[in-house]
Structures are given as structure tokens and as C-alpha cells.
Amino acid sequence: MFFLARFLPALKRTSRLAAALLLGGACVHAVAAQDGAQEKKPAQPGWNLETLKSMHQQQPARDGASLVIMSPSARVPVLEGVVDLARAWRLALEHDPTYQAAISEQAASDTERAQGRAALLPQVQAGYSRSRISGSIEQPNFTGQRVSSDVRYDSSNAYVQLQQPLLNYSRYAEYQRGQARAGEGEAVFGVRQQEAGMRLATAYLNVLLAADRLALQRELEKSLDEQARAQESLYIQNEGTRTDAQETRARLARTRADVIAAQDQLRTASRELQALLGAAPQALAPAKRDFPLPPLVPADISIWLERARLNNAEVKAAREAVKVADTEVSRAASRYFPSMDLVASLSKAESENLSTLSQRSNTFLVGINVNIPIFTGGYNTANTARARADRSRLEQEVRAATERAQAETTRQYSAVLSGEQRIRALEAAVESSRLSLDAGRKGYEYGIASNVDILKVQDKLYQALSDLSRARLEYILARLSLATAVGDLQASEFDAVSQVFFMESDPLRLGSDPVQGLTPVTSSKGLDPLQLGSDPVRGPTPQKIRGLTPLANPTGSDPIRGLTPQEISQ
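This section reports on the structure supplied with the text. (Residues numbered from 1 in each chain as written. Predicted model: local features only at pLDDT ≥ 70, side-chain atom pairs only at ≥ 80, totals over all residues. Heavy atoms only, no water.)

1. Considerations on the overall build of the chain
Right, on to step 1. The helix and strand tally for the chain stands at 12 helices and seven strands.
Right, on to step 2. Across the 570 residues of the chain, 40% fall into the buried class.
Right, on to step 3. Contacts in the chain between residues at least 24 apart in sequence constitute 83% of all its contacts with a sequence separation of at least 6.
Right, on to step 4. Of the roughly 31,800 Å² of accessible surface on the chain, a fraction of 55% belongs to carbon and sulfur atoms. (Helix = DSSP H or I, 4+ residues; strand = E, 2+ residues; numbered from the N terminus. Buried < 20%, exposed > 50% of the residue type's maximum accessible area, 1.4 Å probe, protein only. Contact = heavy atoms within 4.5 Å. Areas by Shrake-Rupley, 256 points an atom, 1.4 Å probe, with all protein chains shown as cover.)

2. Let's talk about the nonpolar core
Right, on to step 1. Ranked by size, the top nonpolar core spans 84 residues in total, and within it Y204, I476 and F502 carry the most contacts.
Right, on to step 2. Considering each element in turn, this core owes the most residues, 18 residues, to helix α5 (residues 169–236).
Right, on to step 3. The contacts of F502, once residues within four sequence positions are left out, are L85, Y204, L205, L208, A285, P286, A287, K288, I476 and V497. (Core = buried A, V, L, I, M, F, W, Y, C linked by side-chain atoms within 4.5 Å.)

3. Here we look at the pattern of salt bridges
Right, on to step 1. Applying the stated rule across the entire model yields 29 salt bridges.
Right, on to step 2. A salt bridge links D154 to R130; its shortest N-O distance comes to 3.8 Å. Highlighted residues: D154 in strand β4 (residues 146–167) and R130 in strand β3 (residues 123–140), separated in sequence by 24 residues.
Right, on to step 3. The exposure class assigned to R130 is exposed, which follows from its relative accessible area of 53%.
Right, on to step 4. Close ionic contact of E221 with R218 constitutes a salt bridge, the shortest N to O distance being 2.8 Å. Residue E221 and its partner R218 are located together in helix α5, separated by three residues, close to a single helical turn. In this structure, E221 and R218 share a single accessibility class: buried.
Right, on to step 5. Salt bridges here are not isolated pairs; linked through shared partners, they connect R218, E221, D225, R229 and R256. (Salt bridge = Lys/Arg side-chain N within 4 Å of Asp/Glu carboxyl O.)

4. So, the sheet that holds β3
Right, on to step 1. What the four strands build is an open sheet, ordered β3-β4-β6-β7; its pairing is antiparallel. Edge positions in the sheet fall to β3 and β7 (360–371), since each has one partner strand and no second. Recorded for the sheet is a direction-independent mean angle of 20° between the axes of neighbouring strands.
Right, on to step 2. The pairing of β4 with strand β6 (residues 339–350) spans 11 bridges and is classified as antiparallel. Bridging across to β6, P165 finds its partner in D341. (Pairing = 2+ DSSP bridges. Axes fitted to C-alpha atoms, helices over the stretch in contact; angles between N-to-C directions.)

5. Let's talk about helix α6 (residues 242–277)
Right, on to step 1. Here α6 contains 36 residues, and its C-alpha end-to-end distance of 53 Å stays within 8% of the 52 Å for a straight helix at 1.5 Å per residue.
Right, on to step 2. Residue G278 follows α6 closely and has a positive phi angle near 80°. (Expected span 1.5 Å × (residues − 1).)

6. What about the packing of aromatic side chains?
Right, on to step 1. Counted under the stated rule, the structure contains eight aromatic pairs.
Right, on to step 2. Relative to F502, the ring of Y204 has its centre 5.6 Å away and its plane inclined at 90°; by these criteria the two rings are edge-to-face. One end of the pair, Y204, is in helix α5; the other, F502, is in the loop between α11 (491–501) and α12 (565–569), and 298 residues separate them in sequence. No difference in accessibility class separates Y204 from F502, as the two residues are buried. (Phe/Tyr/Trp six-rings, centres within 6.5 Å; stacked < 30°, edge-to-face > 60°.)

7. Thoughts on the environment of N362
Right, on to step 1. Tracing the chain through its elements places N362 in strand β7.
Right, on to step 2. Sequence spacing of N362 and L346 is 16 residues, and the spatial spacing of their C-alpha atoms is 7.5 Å.
Right, on to step 3. Setting aside anything within four residues of it in sequence, one finds N362 in contact with S347 and K348.

8. Concerning the packing of α6 against helix α10 (residues 451–485)
Right, on to step 1. Put simply, α6 and α10 touch, their axes get as near as 9 Å, and they point 20° apart. Here α10 runs roughly parallel to α6, going by the angle between their axes. Of the residues in α10, those touching α6 at D244, E247, T248, R251 and R254 are N451, V452, L455 and D459.
Right, on to step 2. Within the contact of α6 with α10, the residues separate by chemical class into two nonpolar, two polar and five charged. (Parallel < 35°, antiparallel > 145°, perpendicular 65-115°, else oblique. Nonpolar A, V, L, I, M, F, W, Y, C, P; charged D, E, K, R; others polar.)

9. Quick word on unusual backbone geometry
Note: most residues except glycine have negative phi, and most peptide bonds are trans.
Right, on to step 1. Along the chain, V297 connects to P298 via a cis peptide bond; the corresponding omega equals 0°.
Right, on to step 2. If you trace the backbone, P298 turns up in the loop between β5 (280–284) and α7 (301–311).

10. Some points on the packing of α10 against α11
Right, on to step 1. Interhelical geometry of α10 versus α11 gives an angle of 160° and a closest axis separation of 11 Å. Looking at the two axes, α10 sits roughly antiparallel to α11. Every pair of crossing elements has a handedness; the one defined by α10 and α11 is right-handed. Contacts between α10 and α11 involve Y475, I476, R479, L480 and A483 on the former and, on the latter, E493, V497 and F501.
Right, on to step 2. Of the residues that constitute the contact of α10 with α11, the class distribution is six nonpolar, no polar and two charged. (Left-handed = near helix turned anticlockwise from the far one by under 90°.)

11. Describing the pairing of β3
Right, on to step 1. β3 sits mainly on the outside: one of its 18 residues count as buried.
Right, on to step 2. As paired elements, β3 and β4 share 18 bridges and run antiparallel to each other. Note on β4: the bridge partner recorded for V124 is L162.
Right, on to step 3. In this antiparallel pair of consecutive strands, β3 and β4, the connection spans five residues, and G144 shows a positive phi of 95°.

12. What to know about α11
Right, on to step 1. All buried positions along α11 are accounted for by F494, V497, S498 and F501. The arc enclosing the buried residues of α11, seen along the axis, measures out at 100°, which places them on a common side. Those residues of α11 that are exposed and angled more than 90 degrees off the buried face are S492 and Q499.
Right, on to step 2. For α11, the secondary structure elements touched by its buried residues are α3 (85–95), α5 and α10. (Arc of directions from axis to C-beta.)

Written out as C-alpha cells, the structure is:
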């Protein structure tokens, strides 16, 4: 009994262990069978662990110099080939909902021409009425007594009437008002078109800026991660300090937070661009690395100011609004004048009244109708004063719009000129920061510089690269804004900008990441500073930035996780 009491618990534990081993073997067998099935059948796109693994192992298949952006959903249509700014503009004209609303608005305002012209054309109307009349009639008879009799009959009347203005200033003012409002609608549509161009350019350049920032942050994260491992190795070998290791780790953690923020910014910018294009672009043409700086033509700012005064879209719309106000004044004043209209009518009546009971009549009438206003209680005077005051207000708004257009022209003209100088200065700053980083590393090897000094110089290099990327894109935006200020932002301007400032690239292969929205491409030419890596979990990884070569890593620790403070203290 004692032996059984001691043996039974052990037997139960052994049984549970055997069952666990059998269950584990079944799971392993099922996984092996599933892997074998996957080798026979290609994996279907989906959001699961196998998809992540396959995307992580996927290698770039084509060369190119473009930023590739994937659709966040398989249901969203995608655009084949590389989308540059010129192609994006033509797509936005078809799919931008705000621009499509402006087209409908312009079509509605164009009907004002026909409405105004209708006031001068003949007005024809017709009518028909049929009534049943019942009552009684009292009349004296031959003896002088009043006799009552019942009456019951049907009466009908049909007519056609034509009215043609002969001398009607109010109708002519209506015609002028329709023409003016149609012209105002065309001018407002021009404003909407310029706004659509700037909205597209801003969204496109925001995607490039966000991708460039993400690329730089990724490279900085990679460099700091390897430096942290190198500092840990030096600390273990009693050749470094714990302060250097902790400082590097703190800088790495902050950079990883910046990477997350940059990923969110890129997703948001890509979605905004997709809303304008109507589909998710597979590839965007980035700015050239050998960034050109062509001179402004014409170079004289007075010519730009004169073009802004004459051709600015908002100034044109303000002038057309003044024309509409002039017609409103004419309409208000026309109520003082008499009007004369030609009237012609044809009517057919049956039993129209008691005197024509059981009789049919056909009547044709031609005449002139004259209307002379005498007194309206002061309405005409007040209405005319209101229209004149409104016209005065709109005239001042024309002056204000002209001043705003010329001020914006001056601002963007100066932005183009100063942007050119700023780009050259930042290019020199990037080169100097690279040389400073190389010198700092050599100084660190000889014990002259500290690890903190290297981190500071590295941050300055990253900041200079980020500022240079932003300055180049802001320079492109300034040139487009200058074209908008003078009313010249058309398809030809987008074609010229795309040809001068953006790379031309062959269409790229569609990627397979449905969540991150990014597909990596590589370039054998090394022209694209915005290329993205292939890690589908951690997000895109930029290409190598010259001057950010990390320190050696003798420990070989995990390059993703790095070292924890507990490991450093040990």
C-alpha cells in the first residue's frame, strides 16, 4: 500500500508528460505537413505570420530610382508605373473630388448666360379653364312679377398669349447680369484650378519629405544601434565607460521613437496623395540627387508683379465680381423707367358668362402694354443705394486682392532666390559635417574626442541632411507658388518642373506589403536618396548614408534589440 501510494502520483505525472509529448508531436507533424503544403502551393497574400515571414525574406527584384508606395488595402486601385508630378496633375484633374466639385460649380454658373438671354426673348404661355356654374336667376315676367329660375351650365376658356419686350430696360439688365455672373463663374473656376494645383504639389512633396525623413531616421537608428553594441564591448573589456554606453543607448531610444513618428507621417502623407489621385501610386519619382538650380526667367521682379496684377486668378475673380455688381446697380435703377411690351393673345371661350350662355367665341388680340412706375414706398431708392454700396465694397476688394497677389509674388520670388542660396549653403554644411564626423572618429580612436562628441557631430550631420532635403523640396514648391501667384500654374508648368527637378525611372514591380504600404527597391546607380528597405515589420530602411559608418561590433549582440541596462551593468 505504501508503495502504491508513492507510485501513483509519479504515474500520473508520467501520464501527463506522455500526453504532452504526444500532443507536441502531433503539432510538429501538423506544422511539417502545413510547410510541405506551402512548398507545393504559393502563399496567397494576406495578413498573417507566414506573409510577414515571406515578405521579410523577399529580395528586391528590380533596379530603379523611385520611391515605391503600396496601397494600404487590396481593394484600393493602384497606379501602374512611376507617377511623377506631371502625371499626378493629370490624374488629379480626373479624380480630385474638390476639383470635380469646382467643375460642377462652373457648369452651373455657365447656365446664367442662357437665363439672362431668355429675358430678351418672347415669353409664350397658355392656359385652360373649365367650370360648372349653378345658381338661380330672378327676373320680372310679362305681368311684372319677379320669377325665379334655376341655372346650371358648363363654362370653358382656353388661351395662348405672347409677350415680347420692346422697351424694357429691366429685361436688358437681367441679360447683362447673366453674362456677368457666367464670367464670374469662369474666374472662380480659375481660382479653384490654381488651388487644386497647389494642393497636389503640396501633397506630392509631403510624401517625398516624409520618406526622406524616415530614411534618415532609419539610417541613424542603425548606426546608433551598432555604436551602442560597440560601446558595450569596450566597457566589458575595461576600455570604455558606462556613461558612454548609457548615453548611446538613450540616443538610440529617442531615435527609435522618431522612426515611429516618421512612419506615421509617411502613411498620412501617402493617404492624402491617394485621395487626390483616386488610386494608390506604386512608385513616385523623387527629386534628383544632383539637384539643378535653374535661374528665374524673367529675372526682373517688376515683370512678375505686372503679371500678377493682370493674371492672378483671385484678382480676375474680384474684377468679375465688380462687373456683376454693376449689373445689380443697373437692375435696381431700371425700376425707375417705364416699360413697353408687345402683347398678342388668342382665346377660345364657351358659355363664358350669362350673356353668352350656350355661345362660343374666338378672340384674337394684339396690343402694346405700357407700365409706368410712380411710387413704390421708397423701395427703389433703398435698393439702388444698397447696390451702389455693394459695388463700392467690391471695388475695394479688387485693390486688396491685387495687393495680396503682388505681396505673394514678392514672397515667392524671394523664396526662390534665397532657396537657391540656402541649398548651396546646406550642401556645404553636409560636406563639412561628414568631414567633421570622420575627424571625430579618428580623434576618438586616439583618445582625443569622446563618444558624446561623436554623437553630437552625427546628430549635426543628420540635421544637415534633413534640412537639405526640406530646402530642395521647398524650393520646388516656391517655384510652383510663384507660378500660381501670376496665374500660370498649368499643365505645361508641371511638365517643366517634372522634367527639370525629378528623376525619370522605369516602372517598378508592385510590392506585396498590404499594411506598411511600402515596397523596397534598390538602385544600382545610387541616385535616389529616398529608397526604402524591405523589413515589413519594422518599416522601411534607407540606403546607406555616406559618413555614418558605425563603429565596430566585437560582441555580435542582437542588432535589433541591442543591450539592456541590466546587461551593461553586468
